[in-house]
Amino acid sequence: MKIKDILKTRRTISFEFFPPRAAEGIPEVLQVIQQLKKFNPDFVSVTYGAGGATRRFTEEITVRAKRTTDLEVMAHLTCVGQTKDEVHEVLSRLEQAGIGNVMALRGDPPRGQTDFVPVAGGFSHASELIQHIRTHFQFGMAAACYPEGHPQSPSLESDIKYAKLKVDLGADFLITQLLYDNEFFFRFMERARKAGIQAPIIPGVLPILNTAQVRRFTALCGVKIPPALDQQLDKLGEDEHAVRELGVEYATRQAQELLAWGVPGIHFYVLNRSYSMSRILQNLGLPGHSGQ
Ligand SMILES: Cc1cc2nc3c(=O)[nH]c(=O)nc-3n(C[C@H](O)[C@H](O)[C@H](O)COP(=O)(O)OP(=O)(O)OC[C@H]3O[C@@H](n4cnc5c(N)ncnc54)[C@H](O)[C@@H]3O)c2cc1C
């Protein structure tokens, strides 16, 4: 089923997983998907690796998860290091395997490079990939957007312009970069609606599991940790258990506020861990998603 059709009927809860570095890690990811299945996600997604073998793992996990669960599984796909023909082949394989939804992304520049340089014969922007998919395939399609601005974007206005272009060219809905201050999402929604973006926009929430990790992630993608949260993390220091508990509590409150505001869904970056996610969903007690 296309996720855009699910979004027409209900507010969605979705989980994002990432492929392991080595093939031996695939069963573990599939196991976490199985564990979280009892919370009845409306869809799950699998990110696309920055390069090398992990890309095949994305396809493998997507296809195996689809076959072994009755979940709707969306495969992420980027333009990094691949020609248009190579990307087309990946899409054809996904289509043949019965995957109905993809998330179309440009991808980040390889480590050590600041600018994204497409390979010869490759796509330069997600919008080009979206146009290609719309022209040649029938997938349901998501694209990314950035409430605090994409790090390479000269301005929030320019960023919104390209988010709109992605919807105009065929993205059915948008999922945001992770955020910890919902005000950024609310302000982004105002700008997006003003710019004429009518597609559903789903906020992304990453439950904090580890202080060093969340500081690294947010620094990489230009996302702010609110000062009060940052101070709490400072206070907890190396106490991993306490940090994880704070992560559960914070993500619960954040999701409650977003749901009360009326978001079309919440996309949780679960980092292949089921414990915090299970606790958050139990706390939220959403009908159909509480694991009962
Ligand atoms: C929900 C979500 C999921 C993600 N999943 C993955 C994943 O699976 N694998 C992975 O490697 N990365 C993933 N990313 C990270 C993403 O690849 C990076 O943020 C990347 O830097 C931008 O990708 P994009 O698709 O938003 O690119 P684009 O939409 O192409 O935007 C990139 C930059 O170029 C600008 N821009 C866009 N179009 C144009 C244009 N036509 N002319 C000039 N400038 C333009 C934008 O404003 C922005 O600054 C994800 C991000 C999000 C939010």
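The structure under discussion appears in the preceding block.
What you see is a predicted model; the values in this text were computed from it and never measured.

Details of helix α6 (residues 156-168)
For step 1, the next point in the chain: With 13 residues, α6 extends 18 Å between its outermost C-alpha atoms, agreeing within 8% with the 18 Å of an ideal straight helix rising 1.5 Å per residue.
For step 2, the next point in the chain: Turning to α6, its buried residues are Ser158, Asp159, Ile160, Ala163, Lys166 and Val167.
For step 3, the next point in the chain: Against the buried residues of α6 lie α5 (126-136), β5 (140-145), β6 (173-178) and α7 (182-194).
For step 4, the next point in the chain: A positive phi of about 140 degrees marks glycine 170, the residue just after α6.

Things to note about the packing of helix α10 (residues 240-261) against helix α11 (residues 275-284)
Packed helix pairs are characterised by how far apart their axes lie and by the angle those axes make with each other.
For step 1, the next point in the chain: With their axes 9 Å apart at the nearest point, α10 and α11 run at an angle of 45 degrees to one another. On the basis of the axis angle, α10 is oblique to α11. For α10 against α11, the interelement crossing comes out right-handed. Contacts between α10 and α11 involve Arg244, Glu245, Val248, Ala251, Thr252, Ala255, Gln256 and Leu259 from the first element and Tyr275, Ser276, Arg279, Ile280, Asn283 and Leu284 from the second.
For step 2, the next point in the chain: Among the residues making up the contact of α10 with α11, the classes are represented as seven nonpolar, four polar and three charged.

So, the sheet that holds β6
For step 1, the next point in the chain: Read once around its circumference, the closed barrel built from eight strands follows the order β1-β2-β3-β4-β5-β6-β7-β8, with strand pairing classed as parallel. Within this sheet the neighbouring strands show an average axis-to-axis angle of 25 degrees, counted without direction.
For step 2, the next point in the chain: Two strands pair when backbone bridges link them, and strand β7 (residues 201-205) and strand β8 (residues 265-269) are joined in this way by two bridges, in the parallel orientation. If you follow valine 205 over to β8, its bridge partner there is phenylalanine 268.

Quick word on the pattern of salt bridges
For step 1, the next point in the chain: Counted under the stated rule, the structure contains 13 salt bridges.
For step 2, the next point in the chain: The salt bridge partner of arginine 64 is glutamate 60, with a shortest N-O separation of 2.9 Å. With arginine 64 and glutamate 60 both in helix α3 (residues 54-68), this residue pair falls four residues apart, about one helical turn.
For step 3, the next point in the chain: Residues joined by salt bridges that share partners form a network here, namely Arg215, Asp230 and Asp234.

Structural notes on the site of the ligand
For step 1, the next point in the chain: Around the ligand, 23 residues are found, and the nearest of them are Tyr48, Asp108, Tyr146, His150 and Lys166.
For step 2, the next point in the chain: Taking tyrosine 48, its main chain carries an N or O atom lying 2.8 Å from an oxygen atom of the ligand.
For step 3, the next point in the chain: In this structure, lysine 166 approaches the ligand through a side-chain N or O atom, which is 2.6 Å from an oxygen atom.
For step 4, the next point in the chain: Looking at the shell around the ligand, the elements with two or more residues in it are α6 and β6.
For step 5, the next point in the chain: Counted by class, the shell around the ligand contains nine nonpolar, ten polar and four charged residues.

Section: α3
For step 1, the next point in the chain: Under the 1.5 Å per step criterion, the end-to-end length of α3 is 20 Å for 15 residues, consistent within 8% with the ideal 21 Å.
For step 2, the next point in the chain: Those residues of α3 that sit buried are Thr54, Arg55, Phe57, Thr58, Glu59, Ile61, Thr62, Val63 and Ala65.
For step 3, the next point in the chain: Of the surrounding secondary structure, the elements contacted by the buried residues of α3 are α2 (26-37), β2 (43-46), β3 (73-77) and α4 (84-96).

Topic: the environment of arginine 253
For step 1, the next point in the chain: By the element assignment, arginine 253 lies in helix α10.
For step 2, the next point in the chain: What makes arginine 253 partly exposed here is its relative accessible area of 40%.
For step 3, the next point in the chain: Along the sequence, arginine 253 and valine 214 sit 39 residues apart, while their C-alpha atoms lie 18 Å from each other.

Looking at the packing of aromatic side chains
For step 1, the next point in the chain: The final tally for this structure, using the stated rule, is six aromatic pairs.
For step 2, the next point in the chain: Both rings, one in tyrosine 180 and one in tyrosine 250, keep their centres 6.2 Å apart while their planes meet at 55 degrees; by these two values the pair is tilted. Note that tyrosine 180 is positioned in the loop between β6 and α7 and tyrosine 250 in helix α10, a separation of 70 residues in sequence. In terms of burial, tyrosine 180 and tyrosine 250 fall into one category: buried.
For step 3, the next point in the chain: Look at phenylalanine 185 and phenylalanine 186: their rings are 6.2 Å apart centre to centre, the planes differ by 70 degrees, and that puts the pair in the edge-to-face class.
For step 4, the next point in the chain: The class for phenylalanine 186 is buried, based on a relative accessible area of 12%.
For step 5, the next point in the chain: Every member of this aromatic cluster is reached through a ring pair, and the members are Phe185, Phe186 and Trp261.
For step 6, the next point in the chain: Taking the ring centre of phenylalanine 184 as reference, the NZ or CZ of arginine 187 above it sits at 5.4 Å.

Structural notes on the nonpolar core
For step 1, the next point in the chain: If you look at the biggest cluster of nonpolar residues, it comprises 69 residues, and the most contacted ones within it are Phe15, Phe17, Ile133, Ile201, Ile266 and Phe268.
For step 2, the next point in the chain: In terms of residues, this core owes the most to one element, α2, which gives six residues.
For step 3, the next point in the chain: In contact with phenylalanine 17, other than residues within four places in its own chain, are Val29, Val32, Ile33, Leu36, Val44, Ser45, Val46, Thr47, Val270 and Asn272.
For step 4, the next point in the chain: Core analysis: the next-biggest nonpolar cluster, separate from the first, contains 28 residues, Ala142, Tyr180, Val214 and Leu271 among them.

Calculation rules
Residues numbered from 1 in each chain as written. Predicted model: local features only at pLDDT ≥ 70, side-chain atom pairs only at ≥ 80, totals over all residues. Heavy atoms only, no water. Helix = DSSP H or I, 4+ residues; strand = E, 2+ residues; numbered from the N terminus. Expected span 1.5 Å × (residues − 1). Buried < 20%, exposed > 50% of the residue type's maximum accessible area, 1.4 Å probe, protein only. Contact = heavy atoms within 4.5 Å. Axes fitted to C-alpha atoms, helices over the stretch in contact; angles between N-to-C directions. Parallel < 35°, antiparallel > 145°, perpendicular 65-115°, else oblique. Left-handed = near helix turned anticlockwise from the far one by under 90°. Nonpolar A, V, L, I, M, F, W, Y, C, P; charged D, E, K, R; others polar. Pairing = 2+ DSSP bridges. Salt bridge = Lys/Arg side-chain N within 4 Å of Asp/Glu carboxyl O. Near = heavy atom within 4 Å. Polar contact = N/O pair within 3.5 Å; in protein donor to acceptor, adjacent residues only side chain to side chain. Phe/Tyr/Trp six-rings, centres within 6.5 Å; stacked < 30°, edge-to-face > 60°. Lys NZ or Arg CZ within 6 Å of the ring centre and 35° of its normal. Core = buried A, V, L, I, M, F, W, Y, C linked by side-chain atoms within 4.5 Å.

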